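Reading the structure
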Amino acid sequence: MTKAGKRLYIVDTVLEVLCLAGAYIVDYFTRKKMGMARYVSYKNYSWETKYPMRMLSYIGIITLSILTVAFLILFFQKIQEMGRGEYIMAGAVILLTVLYVWYTLVFSREIQRSYYLVSALYGAAAFLQIVKAGTFLIRRRNEKNNK
Amino acid sequence: MKKKILSILFCTMLTTFTVLGCSSKEEKKDTKKQDTKPAAEQTSKVEAEAVDTKQVYVTPEWVQSVIDGNQDESDNYVILECSWGTEKDSPVYGEAHIPGAYHMNTDNIEEDQYWNIRSGEEIEKVLTDFGITKDTTVICYGDIGTNSADDRVAFTALWAGVGNVKCLDGGMEAWTKAGYDTEDGSNEPKTAKEAFGVEIPAHPEYILTIDQVKDKQENDEKFKLVSIRSKDEFLGKTSGYSYIDKAGEPKGAIWGHDTDDGSYLDKNGNTVGTDVLKNYLSESGASLDDDLAFYCGTGWRATIPFLIMYQEGYTNMSLYDGGWFVWQMDDSNPVQVGDPASDNVEYITVGGLSNDKAAK
């Protein structure tokens, strides 16, 4: 991996962690602080008025699912060449995508006030993981082709 | 490789915590053994003077005498610790509460779009789930005297049709100061065996909608819309809330002082009477004889002057439940920014207000 590639990898990983930590923090304070709960509720209703939130959720689920499947096809095409690190990356892709899809389908604003924000943050984390793992695989394939 | 594994482990841990946090909506009831004995077995036998059914604000002594079985109300009462948040998430109840008290989350009585009181059907379910019928004496309390969560719940109970509603003056702070027993753990409310007993709301006239307010402003000469908010909120310097961007007041509103700053408590921390309210109203040329509608941001603080008037037998008051929160949602609503008693006031519409006045 080049130096720039390593930097991108680290930045991507940090962003993922921030998304997951953000989801926890947002949910925690929405449950603990009345002002935060009301702010989140207010935003929920504002977003629902302005945007088709349910439709956007489905678009998010379909997009990430397609990206995950595409990544897995790429992964299984070269499965013999994959090391332990690649397996872990692929596992993280599946884990985060499943988490996002499960959460988005099972939960709702009525069940959990911070639903939209948490769902978006899970989705962002899954997307970043797919981008990171996908880029890694593509670069690796190109490097091998060049050799 | 180690870094990768560590980062993945960290992500998994965070995810697990978040998901576990999410699932906490189904609150588990803590069934720890209570510290105190049931009322009948208590050694404390506090006696206090009986109070009128309409009297809302009561002393710790009176509440203890109810618990001790020395009041008419002792046969059928429920004590509610009122605060926002689930029992698990609310620190007030968990620290210590009055023996036998249940935690009442204010979300139980307010819908989450406009924070208005829920529908009659919803309130009936909430009340009967807590074992409350129209004949139950409901004793509400908060953590401190200026907290209006208990007043909000008490108001809701009166609106619903409960005949005997009380608020512990000074809240838990006064209770502790008086030296009475507290307990920890959790009490599980028992659903009422019979129906509530009257159609809810029994007193719809206690609440005004925004349309009713506008109608009264146009057609009722004696109508006064009284803001129970801070001076800065009244003057339009701040909305007072992190989730409200616009600041101002409905056009025509007068200032009735704030409850959060202790303006409705005397030097002993007890709720004041209508004599104090009368003085506040007279500052704006209004009186206790006017048709008064109290409001605040979302309807908590404004219940205090309502209850003060209620317990002194007045009937010419109501609560504009939507408050400033609902008023500022419609760009065409007329507003005032500044002191209407001076020249330093601007009359515009909500649409002309800036969006940078949320409380920091």
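Bear in mind the structure is a predicted one, so any value in this text is a computation, not a measurement. (Residues numbered from 1 in each chain as written. Chains lettered and ligands numbered in written order. Predicted model: local features only at pLDDT ≥ 70, side-chain atom pairs only at ≥ 80, totals over all residues.)

1. Some words on the overall build of chain A
Applicable threshold: For helices the rule is a DSSP run of H or I covering at least 4 residues; for strands it is a run of E covering at least 2, with both sets numbered from the N terminus onward. Exposure criterion: with C-beta atoms placed from backbone coordinates, a residue whose C-beta has 20 or more other C-beta atoms within 10 Å is buried, one with 12 or fewer is exposed, and one in between is partly exposed. Remark: residues whose backbone-derived C-beta atoms lie within 7 Å of one another are considered to be in contact.
Summing up its helical and strand segments, chain A has 5 helices and 0 strands in all. Put simply, chain A runs from its N terminus to its C terminus through helices and strands in the order α-α-α-α-α. Principal-axis analysis of the C-alpha atoms gives chain A an extent of 60 × 30 × 25 Å. Counting over 147 residues, chain A shows a buried share of 35%. Intrachain contacts of chain A at a sequence separation of at least 6 include 77% that bridge at least 24 residues.

2. Looking at helix H3 (residues 53-77) of chain A
Along an α-helix, residues three or four apart share an orientation, since each turn contains 3.6 residues. What counts is decided by this rule: The span you would expect from a helix comes to 1.5 Å times its residue count less one.
Along its 25 residues, H3 of chain A runs 36 Å from first to last C-alpha, staying within 8% of the 36 Å computed at 1.5 Å per residue. Taken residue by residue, H3 of chain A has Ser57, Gly60, Leu64, Thr68 and Phe71 of chain A as its buried positions.

3. Topic: the sheet that holds strand E6 (residues 207-208) of chain B
Residue and element names in this part refer to chain B. Formally: Note: two strands are recorded as paired if DSSP finds a minimum of 2 bridges between them. Structural elements are reduced to axes, namely lines fitted to C-alpha atoms, with helices fitted over the stretch in contact, and the angle between N-to-C directions of any two is expressed from 0 to 180 degrees.
Reading across from one edge, E6-E11-E10-E7-E9 is the order of the 5 strands in this open sheet, with parallel pairing throughout. Single-partner strands in this sheet number two, and they are E6 and strand E9 (254-255). Summarising the sheet, strand E10 (residues 291-295) and strand E11 (residues 317-320) pair through 3 bridges and their orientation is parallel. Bridge pairing in E11 links Leu292 to Met317. Against the sheet, helix H7 (residues 210-219) makes contact with E6, strand E7 (223-227), E10 and E11, and its axis sits at roughly 130° relative to E7, the strand it touches most.

4. Focus on the UniProt feature "domain: Rhodanese" (unreviewed entry) in chain B
Residues and elements named next belong to chain B. Selection rule: UniProt positions are given in the numbering used here, feature names are shortened, and annotations may be inferred rather than shown by experiment.
UniProt records the feature "domain: Rhodanese" (unreviewed entry) for residues 73-184 and 219-336 in the present numbering. Segment residues 73-184 splits into 31% helix and 19% strand. End C-alpha atoms: 24 Å apart. Structurally, residues 219-336 is divided into 24% helix and 18% strand, and its ends, taken at the C-alpha atoms, are 20 Å apart.

5. Side note on the sheet that holds strand E13 (residues 345-349) of chain B
Spatially, E8-E12-E13 (chain B) is the arrangement adopted by the 3 strands of the open sheet, whose pairing is antiparallel. The outermost strands of the open sheet, each flanked by one partner alone, are strand E8 (249-250) and E13 of chain B.

6. Here's the deal with the nonpolar core
Using the following cut-off: By our criterion, buried Ala, Val, Leu, Ile, Met, Phe, Trp, Tyr and Cys residues that link up through C-beta atoms within 7 Å make up a nonpolar core. As used throughout, domain bounds are those supplied by an automatic or database domain assignment.
Among the nonpolar cores identified, the biggest contains 79 residues, and Leu80, Ile139, Ala154, Ala293, Phe294 and Leu319 of chain B are the most heavily contacted of them. Sorting elements by how many residues they give to this core places helix H5 (residues 149-160) of chain B first, with 8 residues. Per-domain counts for this core show at least three residues from each of domain 1 (42-178) and domain 2 (204-352) of chain B. Formed by 29 residues, the second largest nonpolar core is a distinct cluster that contains Ala92, Phe127, Ala133 and Leu137 of chain A.

7. A closer look at unusual backbone geometry
Residue and element names in this part refer to chain B. Pro201 follows Ile200 through a cis peptide bond whose omega is 5°. For Pro201, the position within the fold is in the loop between helix H6 (171-178) and E6. Non-glycine residue Trp115 carries a positive phi angle of around 60°. Among the structural elements, Trp115 can be located in the loop between strand E3 (102-105) and helix H4 (120-129).

8. As for the confidence of the model for chain A
Applicable threshold: Values of pLDDT, which run from 0 to 100, indicate the predictor's confidence residue by residue.
Summary statistics for chain A give a mean pLDDT of 93 and a share of 99% for residues scoring 70 or more. Within chain A, helix H5 (residues 115-146) of chain A has the poorest average pLDDT of any element, 90, and H3 of chain A the best, 96.

9. Thoughts on the UniProt feature "transmembrane region" (unreviewed entry) in chain A
All names here are of chain A. The feature "transmembrane region" (unreviewed entry), as given by UniProt, occupies residues 7-26, 55-75, 87-103 and 115-138 in the numbering adopted here. Overall, residues 87-103 shows 100% helix and 0% strand. The separation of its end C-alpha atoms is 24 Å. Counting secondary structure, residues 115-138 comes out at 100% helix and 0% strand; the distance between its end C-alpha atoms is 34 Å.

10. Some points on the domain arrangement of chain B
When the parts of a complex come together, some accessible area is lost, and that lost area is often used as the size of the interface. Residue and element names in this part refer to chain B. Inclusion rule: Each residue is assigned to one class: nonpolar for Ala, Val, Leu, Ile, Met, Phe, Trp, Tyr, Cys and Pro, charged for Asp, Glu, Lys and Arg, and polar for all the others, Gly among them.
For chain B, the assigned domains are domain 1 (42-178) and domain 2 (204-352). Contacts between the two partners involve 22 residues from domain 1, matched on the other side by 25 residues from domain 2. Residues that form the side of domain 1 that touches domain 2 fall into these classes: 12 nonpolar, 6 polar and 4 charged.

11. Quick look at the environment of Val165 of chain B
Residue and element names in this part refer to chain B. Considering the arrangement of structural elements, one finds Val165 in strand E5 (residues 164-168). Judged by the 26 C-beta atoms lying within 10 Å of it, Val165 falls in the buried class. Through-space distance from the C-alpha of Val165 to that of Val226 is 24 Å; in sequence the pair is 61 residues apart.

12. Describing the pairing of strand E12 (residues 334-338) of chain B
All names here are of chain B. Where E8 lies against E12, 2 bridges are found, and the strand directions are antiparallel. Residue pairing across strands places Pro250 opposite Val335, the latter belonging to E12. In the sheet, E12 pairs with E13 via 5 bridges, with the strands oriented antiparallel. Among the inter-strand pairings, Val337 is bridged to a residue of E13, identified as Glu346. Between E12 and E13, which follow one another and run antiparallel, lie 6 residues.

13. What about the pairing of E11 of chain B?
Residues and elements named next belong to chain B. To keep it simple, the criterion reads: By definition, the crossover connecting two strands over a helix is right-handed if that path, from the first strand to the second, turns clockwise as seen with the strands pointing away from the viewer.
In E11, alternate side chains face the same way, and those of Met317 and Leu319 on one face and Ser318 and Tyr320 on the other are all buried. Bridging between E6 and E11 involves 2 bridges; their strand directions are parallel. Along E11, the bridge assignment pairs Leu208 with Tyr320. Chirality of the crossover, the property in question, places the unit of E10, helix H10 (residues 303-311) and E11 among those that are right-handed.

14. Looking at the packing of helix H1 (residues 3-32) of chain A against H5 of chain A
Residues and elements named next belong to chain A. This is how it is decided: Orientation labels follow simple angle bins: below 35 degrees gives roughly parallel, above 145 gives roughly antiparallel, 65 to 115 gives roughly perpendicular, and whatever is left gives oblique. Should the near helix be turned counterclockwise from the far one by less than a right angle, the crossing is left-handed, whereas a clockwise turn marks it as right-handed.
Across the interface, H1 lies against H5 with an axial gap of 8 Å and an inter-helix angle of 165°. If you check the angle between H1 and H5, you find them roughly antiparallel. H5 is crossed by H1, and the crossing has left-handed handedness. Along the contact surface, H1 presents Gly5, Tyr9, Asp12, Leu15, Glu16, Cys19, Leu20, Gly22, Ala23, Val26 and Asp27, while H5 presents Leu117, Val118, Leu121, Tyr122, Ala124, Ala125, Leu128, Gln129, Val131, Lys132 and Arg139. For the contact of H1 with H5, the class distribution of residues is 14 nonpolar, 3 polar and 5 charged.

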